[in-house]
Every structure is written in C-alpha cells, then in structure tokens.
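# A structural walkthrough
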Amino acid sequence: MNSIRKIFTSNMSVMSTLCAVAISLLLAILLLWFSGAPPIETGKLLLEGSLGNATRLSDTSMVWVPLALASASLIITFAAGLWNIGVEGQIIVGAIFASFVAREFDAPPPLLWGAMIMAGGFGGMFWGGLTGLLRIKGKVNEIFGGLGLTFVATGLVIYLVIGPWKRAGIASTSGTAPFDTKAWFPTIMELRISPLAIFLALAGLWLVYYLLKQSKFGLQLRATGINATAASRLGVRTERNLMLAFLLGGILAGIAGTVQVGAIHHKLVPSISGGYGYLAILVVLLGNYKSFRSGLISFFFAMIAVGSIQWQLRLDLHSSLGGVTQGILVLVTLIVVAIFSQIKRNKRIKDAS
Amino acid sequence: MTLDVDKISKHFGNVYANNNVSLSIDSGEIHGLLGENGAGKSTLVKILSGFFEKEAGEIRLNDQLLDLSSPKDSIKCGIGILHQEPMVFLPFSVLDNFLIGSTDQFFAPRKEALKQFQEICNKFDFELDPDTPVSLLTIGQRQQLEIARLLWLDPKVLIFDEPTNAISPAQREKLFATIQQLSTEGMLVIFVSHKLEEVAAICDSVTVLRKGKVAGSKKLPCPQSELIELMFGKLFPSKEIKDIQKGGIQLTASNLKSIEGRESIEITNFEIRKSEIVGIAGIEGAGQRTFLRTIAGRNSAESGTIISGRNLLNGTDYHQRLEKGLYYMPADRLGEGLISELTITEHIALVENKKKNQIIDWEMCYLRAAELIAQFQIQGTPESKAESLSGGNQQRLMFALMPTDADTILLEHPTRGLDIESADWIWNQLLDMRSDDCSIIFSSSDFEELLSYSDRIIVCFAGRIVGEFERNEFNPEHIALLMSGSQI
C-alpha cells in the first residue's frame with residue numbers, strides 16, 4: 001500500500017517536472033520567435049545540426065561527456081548541501097595533470113590513457129580537496145573558495161600554455177603543441193566519438209546514482225546536507241563526509257578535464273574547461289539533482305550547444321542564442337516547479353485544517 | 001489604561017502553546033511575564049505583535065477590541081515590542097534606523113526626526129550619535145536606539161522580550177532605569193523573561209506561564225521560591241518509583257570547566273552509579289544544558305576529567321563517546337535529534353552504520369523500521385519522514401535509534417511539550433533501562449517529573465552545583481530556594 005503511494009507521489013513530481021519543461025520549452029520557442037527565428041525552422045535545424053548525421057551525432061556526444069561528468073560531480077557535492085561552484089577549476093586542473101602525463105611519459109597507448117585518467121582524476125581531487133580544506137578547516141564558504149581556486153587554475157593554465165609548455169619557438173594562447181598520437185583517446189573511424197570517454201561518463205553517472213541510492217556513504221552525505229548537527233548526533237562523521245564529497249566530486253571533474261585534453265583537443269588550451277563546470281550547475285538544477293535525469297538533460301544541452309551553430313550559419317542568428325535558450329529553460333522550469341510545489345503545499349495545509 | 005488579554009489559545013500540532021491565557025495589566029505598572037523556555041511566552045508575544053494569529057480569545061486595550069493580524073496592525077494599535085536581539089540594520093546610521101518604519105512619506109522628514117530623536121535621547125539620557133553606523137554600537141546601545149524608535153511611534157504598550165540576554169550589567173541597570181521611568185510616566189510595560197531575579201527586581205506584578213497555561217499571578221515582592229513553584233509546577237511527586245539496588249560508579253566528572261554560548265559551568269565533582277537516575281533542577285541557563293553536552297562530548301571541556309567505567313573520556317570526541325556507550329538526547333528534536341526530511345527507514349539505515357557493510361540493504365532496513373515502529377509504538381510508517389511525526393513520536397523514534405549497548409543516557413527535557421501518554425511511555429522506557437544497569441542523567445523544568453523519577457536531584461545555579469538531595473531527603477522547598485540562588 002505504502003509503496004504504491006510512494007510511486008504515485010514520485011510520479012507526481014516527475015509529472016510536474018515534465019510539465020515545467022514543456023512550459024519552458026514553449027516560452028523558449030516564443031523568445032526565439034521574437035528574436036527573428038522561425039520556430040519550426042529553428043527546431044528542425046537544432047535536431048539536424050545535432051543529430052543529423054554521424055559526424056554531428058558524435059560531436060554532440062563529445063560535448064555531452066564532459067558536461068555529464070561535471071554534472072555527476074556536482075550531484076555528489078549538492079547531496080551534501082554544498083554549492084561546489086569550483087568544478088570549473090577542478091576540470092582545468094584535471095586537464096593540466098592529464099596533459100603532464102601525456103607530454104612527459106611514453107608508454108603503450110592503453111597504459112598511457114589509464115595513467116592520464118588517473119592523473120586527471122588526481123588533479124581534480126587535489127583541487128576539490130583544497131576547496132574542502134578551506135571550507136572545513138578554514139570556514140571559507142565553498143562558493144568563494146571554489147571561485148578563487150578557479151581563478152588560480154585559469155591563471156595556471158595560461159601560464160603553462162605561454163610559458164613552460166609553449167610550442168617550440170612560439171608563445172601563443174592557442175595552446176601547447178599537440179600530444180603524441182599515442183596519448184589520443186581512440187575514436188570510432190574518423191569520427192570524434194571516443195568509446196572510452198562515453199564509458200567514463202556513463203560510469204560516472206552510474207557511480208553517483210549507486211552511491212546516493214545504495215551506499216551508507218550516500219545516505220550519510222544526504223543526512224549531512226539536510227542537517228549536519230543532527231547527522232553528527234546520530235553518529236555521522238560529518239566533516240569526513242564533506243571532505244570525501246569534495247574529493248570524489250573533484251575526481252569526476254578531473255576526469256572531465258582529462259577527456260577534454262585526451263579525446264577532444266589533444267593539447268592543453270587556455271579555455272580547456274569549456275565552461276562545462278558552470279553549465280553543469282544549470283543541468284543539475286534542471287535535473288533535480290538526480291543522475292539519470294541530469295544525464296539526459298546534459299545530452300539535450302549538448303544538442304543545443306552543437307545544433308545552435310546551425311542557427312548562426314543558416315539563419316544568421318546571434319551565436320549567444322543557444323546559451324540564452326539553455327538559461328531560459330532552467331529559469332522557467334525552476335519558477336514553474338516552485339509554483340507547483342507552492343500549490344501542493346497550500347493544498348496540503350488546506351487538507352490538514 | 002488597561003490591557004486585557006482574554007482566553008487566548010494557539011496550538012501547534014497536538015500541543016497547545018497558549019491555552020486559555022488571560023492577563024490584565026494597568027498602566028503605570030511593570031508586569032512580568034515569567035516562564036521557562038517552551039512555556040508559551042514567545043507565542044503570546046508573537047500574538048501581541050501580530051506575527052501569529054490567535055485561534056481563540058480577545059485582546060482589548062481600554063475595552064476596545066484590537067485586531068492584530070499583522071505587525072503593522074499591532075504598531076497602529078499602539079503596541080511596541082523590543083525584541084530579544086534588537087532588529088536594526090547594521091550598515092545604516094543611527095538616524096536612518098530611527099526613521100525606518102516610522103513614516104509612510106516617500107521622503108523621510110530627517111530634520112524633524114533628528115530633533116525628536118535628540119529630545120528622546122536627552123530625556124532618557126541615551127548617548128547616541130545620529131550619524132554613527134549601527135554596526136559600531138554595542139547591543140545595549142542598539143537597544144536604546146530601538147527604544148527611542150519605538151517611543152517616537154507613540155505606543156501605549158511596550159513589551160520588552162528577554163531584553164537582558166546580551167547586554168552588560170551596567171547597561172542592564174540603565175535599561176531598568178529607563179523602563180521604570182517609562183512606567184512612572186504612565187506607559188503600560190510588559191517585561192518578558194525567564195530570569196527570576198530580574199522579574200523580582202523590576203516588576204510590580206507577575207504572571208507565570210507553564211506548559212502554555214497561566215500557572216498563577218502574584219503581586220511583587222513575594223518569596224522567589226513561590227515563583228519557582230509556579231514555574232516548575234507541583235512540589236510533590238505524582239508517582240513513586242521502586243527503589244532498586246545501585247551498582248558501582250558509572251561516570252565521574254571532576255573539576256569540569258566548559259563554556260557554550262552564554263552559559264558556562266564549573267563543576268567540582270559529579271558522580272553517578274549504575275542504575276541510578278539523576279535529575280538536574282535549575283532555571284534555564286543555569287548550566288544544566290552545557291553540563292549534559294560537555295559530558296556527551298557535543299561541547300568540549302576547557303579543563304577537568306570525565307571518566308566513564310574504565311575509560312578516561314578526556315580528549316575523545318562525541319563519536320568516540322557514542323561508541324563507549326554514552327547517548328545524548330537533545331531537547332531540540334528536529335534541530336539536533338533527527339533529520340527532518342529523512343524517513344524512519346532511512347534513519348534506521350543511518351544508525352546501523354557500525355557494521356562494516358557499506359551497501360545498504362533497504363529491504364532489511366524497511367522491515368527493521370516496521371519492527372521498531374511496533375515495538376516503540378510510533379504513530380507512523382517506515383516511509384514517514386521525521387518532520388511529519390508528532391513531538392511524542394519523534395521522541396519515541398529517538399529512543400528507537402538508541403544503540404542497544406548504551407549505558408549512560410543524557411537527556412534534556414525528555415518530556416517537554418509531550419502529551420501525558422507519551423511522557424508516561426518515555427519514563428517507562430527509561431525505568432526499564434535503569435533496571436538493565438543504565439545510568440540516566442536528565443534535566444527538566446518540571447518539578448513533578450524531577451521529584452517522581454529521580455533517585456537523586458542536583459540543583460544548578462549560575463553554572464555550579466549548589467545542592468544535592470538523595471531521594472529520601474527530597475525537600476522541594478529547599479530545591480526551589482537553591483534554584484533561585486538563595487541559601488538554605
């Protein structure tokens with residue numbers, strides 16, 4: 001009886017989310033229309049541009065991978081009640097560490113890929129751990145600590161690209177020299193899609209899902225996020241859990257950075273994080289901090305990112321419109337969900353009295 | 001002028017915060033509203049200030065019915081409230097704060113306000129510079145600013161809600177002088193406090209609240225132990241528990257010094273034996289909370305030793321003490337006891353974490369939750385969230401989550417705010433645990449509970465133990481005297 005009720009109520013919230021997404025899509029279309037984009041044409045271009053052929057599909061997938069990994073990272077720290085804005089910086093440091101391995105070591109490709117992933121994960125973990133230390137030991141809010149460390153990471157990557165790791169003879173912000181092809185993640189045929197990267201993203205999402213649903217660590221993390229004082233009274237070592245959340249989130253973000261250098265750019269560039277750390281915040285807000293929903297939304301956002309290039313090319317629309325669409329989707333969905341839950345609460349209060 | 005509060009009621013869940021509360025106050029007198037935390041003082045103040053809506057009853061000023069459905073109404077009706085923490089805007093200047101909320105005009109009449117501000121300050125001898133940012137003022141000065149602001153609104157009734165919690169003794173003297181001056185000029189003053197000596201020092205009459213009801217009213221001065229009796233209820237036990245054989249020493253604390261918030265303690269020596277129940281009597285803030293929390297390890301001691309069984313607890317944290325058999329149950333059940341948004345099943349899964357297995361067997365936890373719900377008679381299902389349970393059932397859940405090997409149980413107000421049935425049930429549990437060699441230390445603001453269930457009562461005052469009574473020598477009048485800081 002209870003389980004039936006539970007399914008019903010959880011379906012309700014899925015329904016309201018779907019409803020919210022539908023309303024916000026409608027609004028987004030309206031806005032596009034006002035800015036001169038014919039709705040049907042834009043929609044068609046978006047689909048064609050992101051999924052229309054194998055090249056485009058594989059491009060979209062490769063935007064999805066780092067975004068999904070960054071989202072997974074955020075979900076873990078969100079569960080602990082943390083606003084881990086520093087994911088962006090952790091992606092960058094992961095990319096730096098992975099680049100170091102790719103540049104300095106010579107090994108058979110599979111070993112080298114493994115070493116890059118481990119190094120990238122370690123780099124992200126290190127940066128996430130610093131944010132954690134600042135927060136837990138220094139009482140520096142993780143938003144400020146994370147943002148500060150992202151600035152440092154950005155400075156560091158620029159320094160490396162135009163300094164110690166510059167291409168022979170030229171110092172340019174266009175990036176380091178490409179890695180030896182041994183360090184390139186393998187792709188399917190001539191396409192960009194890398195099965196290894198896709199696997200990493202799926203594994204990351206699944207890991208986060210499994211940890212939060214089935215493990216004691218996940219439950220303790222949620223308890224800490226809701227009420228750290230009470231969690232501690234019930235025997236949870238809250239500080240250790242928060243730190244673990246930062247470290248694990250850092251690993252996932254660092255792997256996102258590794259994918260960026262190993263599978264996409266094949267070199268270190270200043271904008272290596274691609275803004276995915278920030279975009280992922282929108283993704284998990286929309287995905288209600290749930291792994292699989294966020295995975296799907298990441299893909300949709302990747303479609304907009306890749307497909308909206310066609311808007312610019314074919315309809316002469318401004319290049320920022322893709323980002324604007326993503327923003328509207330999140331904002332409107334959040335507003336609609338808030339209104340729904342307010343209605344529900346009012347109804348509950350009315351029922352109670 | 002007379003303020004009549006007539007049969008006010010307000011409830012939260014199944015507990016009345018105010019139950020038929022009536023009082024009548026004439027202008028020119030300072031009327032105390034006395035009671036322990038949770039007695040219903042704040043609820044009444046919030047009703048008078050328009051933050052809460054009353055469910056029943058009437059409020060009249062000079063026989064005129066008042067409609068207080070918002071703070072603005074309350075101000076309009078001439079009721080001014082000085083809140084516990086002065087409600088000021090820190091970055092603004094003194095004069096800006098003075099002006100806030102006092103005018104509906106778009107442009108504030110600064111010149112006129114400045115003149116009146118200075119008049120009020122001169123009259124009451126407040127030394128406030130109108131251009132200083134409020135953030136540079138002491139809490140006492142912020143209070144003076146608030147008083148000045150309230151007076152400018154020309155109120156007929158002024159309510160001081162626990163005004164002395166954060167100010168220095170000198171500022172307190174100044175505040176009391178101001179209150180007295182106001183009262184002499186015909187202001188109707190209500191002084192809300194849980195501090196007996198302050199009410200006795202300044203008020204002309206007092207109404208004591210207890211468990212949401214008016215426990216009684218007195219003209220002052222009167223013996224303080226009489227007020228304590230009203231605050232803490234009946235001075236005799238309602239139940240006789242059977243005396244059982246006590247075991248050896250379970251826990252000792254010596255030369256313990258500790259501070260938490262505004263409460264500090266200095267306990268020279270405390271011991272408890274196996275199967276013993278020790279009740280701590282004391283007015284809120286006398287140190288009982290810090291004492292319990294320091295023993296539990298929720299708050300670290302500055303110095304002193306705590307020994308439990310054969311273990312020296314110095315240098316161990318709360319979690320290590322939890323493993324050594326100490327279990328602490330706070331008064332704030334949803335703030336520190338349980339996690340409001342987690343279900344009973346999730347709570348079970350959370351505390352079963354001593355086993356090595358890191359993967360949760362949800363089915364097992366669900367069944368275990370159902371079992372415990374039956375065993376502890378909790379009104380709820382394994383899927384009920386802690387926040388949806390009533391106070392009594394939250395307390396039962398806290399018992400259900402207690403490790404089975406706990407041997408020292410520390411409880412803050414174990415039955416505060418609970419219905420009689422839940423309270424009885426909880427004490428039956430505790431008495432069973434006592435039979436199993438558990439030592440129990442609890443604080444309470446209910447004489448009946450203290451006298452009924454304690455094997456021994458210790459009395460706290462100002463952070464020290466000032467009295468100790470074995471069950472066969474309980475002397476309620478003496479306990480009441482010691483609690484008020486008097487000597488016997």
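Moving on, we get to the overall build of chain A. Scanning chain A from N- to C-terminus turns up 13 helices and zero strands. The N-to-C order of helical and strand elements in chain A reads α-α-α-α-α-α-α-α-α-α-α-α-α. Here the C-alpha radius of gyration of chain A, 21 Å, is about what a compact globule of 353 residues would show, namely 20 Å. Buried residues in chain A amount to 49% of all 353 residues. Residue pairs at least 24 apart in sequence account for 77% of intrachain contacts in chain A once pairs closer than 6 positions are excluded. For chain A, the accessible area works out to roughly 16400 Å², and carbon and sulfur atoms hold 70% of it.

Let us now look at the packing of helix H5 (residues 109–136) of chain A against helix H10 (residues 238–265) of chain A. All names here are of chain A. Where H5 meets H10, the axes come as close as 6 Å, and the angle between the chain directions of the two elements is 140°. For the pair H5 and H10, the sense of crossing is right-handed. Its residues assigned to classes, the contact of H5 with H10 comprises eleven nonpolar, eleven polar and two charged.

Here the focus is the domain arrangement of chain B. You'll often see interface size given as the accessible area lost when the parts meet. Residues and elements named next belong to chain B. Domain boundaries assigned for chain B yield domain 1 (2–222), domain 2 (235–325 + 405–488) and domain 3 (337–402). Between domain 2 and domain 3, the contact holds 14 residues from the first and nine residues from the second. For the pair domain 2 and domain 3, the summed buried surface comes to about 950 Å²; carbon and sulfur atoms form 70% of the total. Its largest share of buried area at the contact with domain 3, domain 2 owes to Leu418, Trp425 and Ile426, together 45% of the area lost on that side. Across the contact surface, domain 2 and domain 3 share two residue pairs in polar contact (both at pLDDT 80 or more). For the side of domain 2 that touches domain 3, the secondary-structure elements that each account for two or more residues are strand S17 (408–412) and helix H15 (420–435). Counting residues per element, the side of domain 2 that touches domain 3 draws most heavily on H15, at seven residues. Its residues assigned to classes, the side of domain 2 that touches domain 3 shows nine nonpolar, three polar and two charged.

Our focus in this paragraph is the sheet that holds strand S1 (residues 2–12) of chain B. Residues and elements named next belong to chain B. Within the open sheet, the four strands sit side by side as S2-S1-S4-S5. Their pairing is antiparallel. Edge positions in the sheet fall to strand S2 (15–26) and strand S5 (64–65), since each of these pairs with one other strand and no more. Pairing analysis gives two bridges linking strand S4 (residues 56–61) to S5, with the strands arranged antiparallel. Bridge pairing links Arg60 to Leu65 in S5.

Below, the discussion takes up the interface of chain B and chain A. Between chain B and chain A, the contact holds 37 residues from the first and 23 residues from the second. The largest per-residue losses of area from chain B upon contact with chain A belong to His319, Ile339 and Leu350 of chain B, which jointly make up 21% of the total buried on that side. Counting across the interface, chain B meets chain A through two salt bridges. Among the ionic pairs, Arg237 of chain A bridges to Asp317 of chain B, the shortest N-O distance being 3.2 Å. One can count 16 residue pairs in polar contact (both at pLDDT 80 or more) joining chain B with chain A. At five residues, the largest contribution of residues to the side of chain B that touches chain A is made by helix H12 (residues 344–351) of chain B. For the side of chain B that touches chain A, a count of residues per class yields 19 nonpolar, ten polar and eight charged.

Turning our eyes to something else, we now look at the packing of aromatic side chains. Per the stated rule, a full pass over the model turns up 19 aromatic pairs over all chains. With centroids separated by 5.1 Å and ring planes inclined at 15°, the aromatic side chains of Trp206 of chain A and Tyr210 of chain A adopt a geometry described as stacked. In this pair, Trp206 of chain A and Tyr210 of chain A both sit in helix H7 (residues 195–214), four residues apart, roughly one turn of the helix. Overall, Trp206 of chain A belongs to the partly exposed group, its relative accessible area being 45%. Of the residues examined, Tyr210 of chain A reaches a relative accessible area of 27% and is grouped as partly exposed. The ring of Phe52 of chain B has Lys10 of chain B lying over it, and the distance from NZ or CZ to the ring centre is 5.5 Å. The aromatic ring of Tyr318 of chain B is capped on one face by Arg298 of chain B, whose charged end is 4.6 Å from the ring centroid.

This paragraph deals with helix H17 (residues 476–483) of chain B. All names here are of chain B. Among the residues making up H17, those that are buried are Pro476, Ile479, Ala480, Leu482 and Met483. Down the axis of H17, the smallest arc covering the buried residues is 165°, so these residues share one side. Residues of H17 that are buried make contact with helix H8 (224–232), strand S13 (277–281), helix H16 (447–453), strand S19 (456–461) and strand S20 (464–470). Backbone geometry just downstream of H17 places Gly485 in the positive-phi region, at approximately 90°.

Structural remark: α-helix, 3.6 residues per turn; residues separated by three or four positions point the same way. Compared with an ideal rise of 1.5 Å per residue, which puts 28 residues at 40 Å, H10 of chain A spans 39 Å between its outermost C-alpha atoms and is within 8% of the ideal. In the segment just after H10 of chain A, His266 of chain A is the residue with positive phi, at about 60°.

What follows is about the side chain of His319 of chain B. By the secondary structure assignment, His319 of chain B is in helix H10 (residues 318–323). Contacts of His319 of chain B, omitting those with residues within four sequence positions, involve Ser232, Gly235, Val236 and Arg237 of chain A.

Two faces belong to every sheet, and in a regular strand the side chains alternate between them. All names here are of chain B. In this sheet, S2 lies alongside S1 in antiparallel orientation, the contact comprising eight bridges. If you follow Val5 over to S2, its bridge partner there is Leu23. Taking the residues between adjacent antiparallel strands as the criterion, S1 and S2 are bridged by two residues, where Gly13 takes a positive phi near 60°. Note: S1 against S4, five bridges, orientation antiparallel. Within the sheet, the bridge partner assigned to Leu3 lies in S4 and is Leu61.

Within the largest apolar cluster, 131 residues are counted, with the highest numbers of intra-cluster contacts made by Phe160, Phe270 and Phe447 of chain B. Among all residues touching Phe447 of chain B, those that are not within four sequence positions of it are Ile228, Glu229, Phe232, Gly233, Lys234, Leu235, Ile479, Ala480 and Met483 of chain B. Ala79, Leu242, Ala302 and Leu317 of chain A belong to the second-largest nonpolar core, a separate cluster that totals 90 residues.

This next bit is on the sheet that holds strand S9 (residues 205–210) of chain B. Residue and element names in this part refer to chain B. Strand order in the open sheet made by the six strands is S6-S7-S8-S3-S9-S10, with mixed pairing throughout. Edge positions in the open sheet fall to strand S6 (79–82) and strand S10 (213–219), since each of these has one partner strand only. This sheet shows a mean twist of 20° between the axes of neighbouring strands, independent of strand direction. Two strands pair when backbone bridges link them, and strand S7 (residues 157–161) and strand S8 (residues 188–193) are joined in this way by five bridges, in the parallel orientation.

Residues and elements named next belong to chain B. Overall, the coordinates contain 30 salt bridges over all chains when judged by the stated rule. Taking the shortest distance from any N to any O, the salt bridge between Lys246 and Asp243 comes out at 3.3 Å. On the accessibility criterion, Lys246 (16% relative accessible area) is buried. Two residues, Glu276 and Arg456, come together in a salt bridge whose shortest N-O distance is 2.7 Å. Of this pair, Glu276 sits in the loop between strand S12 (263–273) and S13 while Arg456 sits in strand S19; the two residues are 180 residues apart in sequence, bridging distant segments of the chain. A relative accessible area of 4% means that Glu276 is categorised as buried. When salt bridges that share partners are traced, they join Asp243, Lys246, Arg434 and Asp455 into one network.

Calculation criteria
Residues numbered from 1 in each chain as written. Chains lettered and ligands numbered in written order. Predicted model: local features only at pLDDT ≥ 70, side-chain atom pairs only at ≥ 80, totals over all residues. Heavy atoms only, no water. Helix = DSSP H or I, 4+ residues; strand = E, 2+ residues; numbered from the N terminus. Rg over C-alpha atoms; globule rule 2.2 N^0.38 Å. Buried < 20%, exposed > 50% of the residue type's maximum accessible area, 1.4 Å probe, protein only. Contact = heavy atoms within 4.5 Å. Areas by Shrake-Rupley, 256 points an atom, 1.4 Å probe, with all protein chains shown as cover. Axes fitted to C-alpha atoms, helices over the stretch in contact; angles between N-to-C directions. Left-handed = near helix turned anticlockwise from the far one by under 90°. Nonpolar A, V, L, I, M, F, W, Y, C, P; charged D, E, K, R; others polar. Domains from an automatic or database assignment. Buried area = accessible area lost by both parts, 1.4 Å probe. Polar contact = N/O pair within 3.5 Å; in protein donor to acceptor, adjacent residues only side chain to side chain. Pairing = 2+ DSSP bridges. Salt bridge = Lys/Arg side-chain N within 4 Å of Asp/Glu carboxyl O. Phe/Tyr/Trp six-rings, centres within 6.5 Å; stacked < 30°, edge-to-face > 60°. Lys NZ or Arg CZ within 6 Å of the ring centre and 35° of its normal. Arc of directions from axis to C-beta. Expected span 1.5 Å × (residues − 1). Core = buried A, V, L, I, M, F, W, Y, C linked by side-chain atoms within 4.5 Å.

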